[in-house]
Amino acid sequence: TQTTRPQRMLAAVQKSATRGDPRSVVKAIDQFCRQKEWAMNVGDEKGCILDSVVTEVNPATVLELGTYCAYSTVRIASLLPPDAKLITLEFNPHNAAIARQVIAWAGLGDKIQLVEGPSGDWIPKMKEKFGIETFDLVFLDHWKDRYLPDTKLMEECGLLRKGSVLLADNVICPGTPDYLEYIRNSPRYKSQYFRSHLEYTKVEDGLEKSVFLG
Ligand SMILES: O=C(NC/C=C/[C@H]1O[C@@H](n2ccc(=O)cc2)[C@H](O)[C@@H]1O)c1cc([N+](=O)[O-])cc(O)c1O
Ligand SMILES: [Mg+2]
């Protein structure tokens, strides 16, 4: 029977990456996507920008919207301080099942909590269910038409504090025009565009980093 791309990606991790070594998991996925099949991971080029923002923020609490196969989940978690918590939301049960195995292979199960379901349902429950006050860093990489509504929802739920950083993937390709318009014109954010390329291609894309001003 036919396998899925996430299943083939997991097989590549289990074949080429060392258990308990997150960076080897990241490398194995990038190699798979460059040599075998493109997949919508943030990738190695934008991944370096992601790494620099994570290192700069040094967050104790991280929210990732859109786990997919946990490439960026593992990439971020590998840079977190010891007691930091990363919560990642995944809507598709098949993707979640693969992501859990990638996270386990990387040995990051105690830093990462994968939650299944739509972001709109879970964001309002973050405080009561996970004891989160506010997020220091949010990585947006899920459905592009959900970036704006979910950002407004996080504001309304009091999940952002002065200095919280939002980092959004794909603001050029596939593009998140309504989010960019809002975040770049809002007096409540200070935004910066990091120009790069769509993962594993020469097409322009980039990350938008926005600091919440309270
Ligand atoms: O479409 C893209 N991403 C959508 C990601 C969606 C992921 O987020 C989850 N989710 C989790 C929670 C939700 O509430 C909703 C969805 C979905 O179940 C899926 O796993 C995309 C597309 C391209 N591209 O070149 O075409 C490149 C990229 O880097 C991309 O990120
Ligand atoms: Mg993306």
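The structure presented is a predicted model; accordingly, all values stated were derived computationally and were not measured.

Criteria and cut-off values
- Residues numbered from 1 in each chain as written.
- Chains lettered and ligands numbered in written order.
- Predicted model: local features only at pLDDT ≥ 70, side-chain atom pairs only at ≥ 80, totals over all residues.
- Heavy atoms only, no water.
- Helix = DSSP H or I, 4+ residues; strand = E, 2+ residues; numbered from the N terminus.
- Rg over C-alpha atoms; globule rule 2.2 N^0.38 Å.
- Buried < 20%, exposed > 50% of the residue type's maximum accessible area, 1.4 Å probe, protein only.
- Contact = heavy atoms within 4.5 Å.
- Near = heavy atom within 4 Å.
- Polar contact = N/O pair within 3.5 Å; in protein donor to acceptor, adjacent residues only side chain to side chain.
- Areas by Shrake-Rupley, 256 points an atom, 1.4 Å probe, with all protein chains shown as cover.
- Nonpolar A, V, L, I, M, F, W, Y, C, P; charged D, E, K, R; others polar.
- Axes fitted to C-alpha atoms, helices over the stretch in contact; angles between N-to-C directions.
- Parallel < 35°, antiparallel > 145°, perpendicular 65-115°, else oblique.
- Donors = N, O, S within 2.8 Å, 3.2 Å for Na, K, Ca; no water.

**Student:** Please set out the overall build of the protein residue by residue, giving values where relevant.
**Tutor:** Helix and strand counts for the protein come out as 10 helices and 7 strands. Here the C-alpha radius of gyration of the protein, 16 Å, is about what a compact globule of 214 residues would show, namely 17 Å. Reported as C-alpha extents along the three principal axes, the dimensions of the protein are approximately 50 × 40 × 35 Å. Across the 214 residues of the protein, 54% fall into the buried class. At a minimum sequence separation of 6, the contacts of the protein that also span at least 24 residues come to 71%.

**Student:** Explain the site of ligand 1 residue by residue, including any values.
**Tutor:** In the vicinity of ligand 1 there are 20 residues, among which Glu90, Ser119, Asp141, Asn170 and Glu199 approach most closely. Between Asp141 and ligand 1, the recorded distance is 2.9 Å, taken from a side-chain N or O atom to an oxygen atom. The separation between an oxygen atom of ligand 1 and a polar side-chain atom of Glu199 is 2.5 Å. In the complex, 86% of the free accessible area of ligand 1, which totals 660 Å², lies under the protein chains. A class-by-class count of the residues in the shell around ligand 1 yields 9 nonpolar, 6 polar and 5 charged.

**Student:** Please provide a residue-by-residue account of the packing of helix H2 (residues 22-35) against helix H5 (residues 93-106), values included.
**Tutor:** For the pair H2 and H5, interaxial distance at closest approach is 8 Å and the crossing angle is 135°. Classified by the angle their axes make, H2 and H5 are oblique. Where H2 approaches H5, its residues Pro22, Val25 and Ile29 are matched on the opposing element by Val102, Trp105 and Ala106. Of the residues contributing to the contact of H2 with H5, the split by class is 6 nonpolar, no polar and no charged.

**Student:** An account of the coordination of the magnesium ion (ligand 2) is needed here, citing residue identities and associated values.
**Tutor:** At the metal site, the magnesium ion (ligand 2) is ligated by Asp141 (OD), Asp169 (OD) and Asn170 (OD1), and these contacts range over 2.0 to 2.2 Å. Read N to C, the donor residues that coordinate the magnesium ion (ligand 2) are spaced as D-x27-D-N. In this pair, Asp141 sits in the loop between strand E4 (137-140) and helix H8 (147-156) while Asn170 sits in the loop between strand E5 (165-168) and helix H9 (171-175), placing the two residues 29 residues apart along the sequence. Exposure class is identical for Asp141 and Asn170. Each is buried.

**Student:** Pulling in residues and values, what's your account of the environment of Leu198?
**Tutor:** Mapped onto the fold, Leu198 is located in the loop between strand E6 (189-197) and strand E7 (204-212). Exposure remark for Leu198: the relative accessible area of 13% places this residue in the buried category. When the C-alpha atoms of Leu198 and Ile172 are compared, they prove to be 8.7 Å apart, with 26 residues separating the residues in sequence. When near neighbours in sequence (up to four residues on either side) are disregarded, Leu198 contacts Lys46, Asn170, Cys173, Val203, Glu204 and Asp205.

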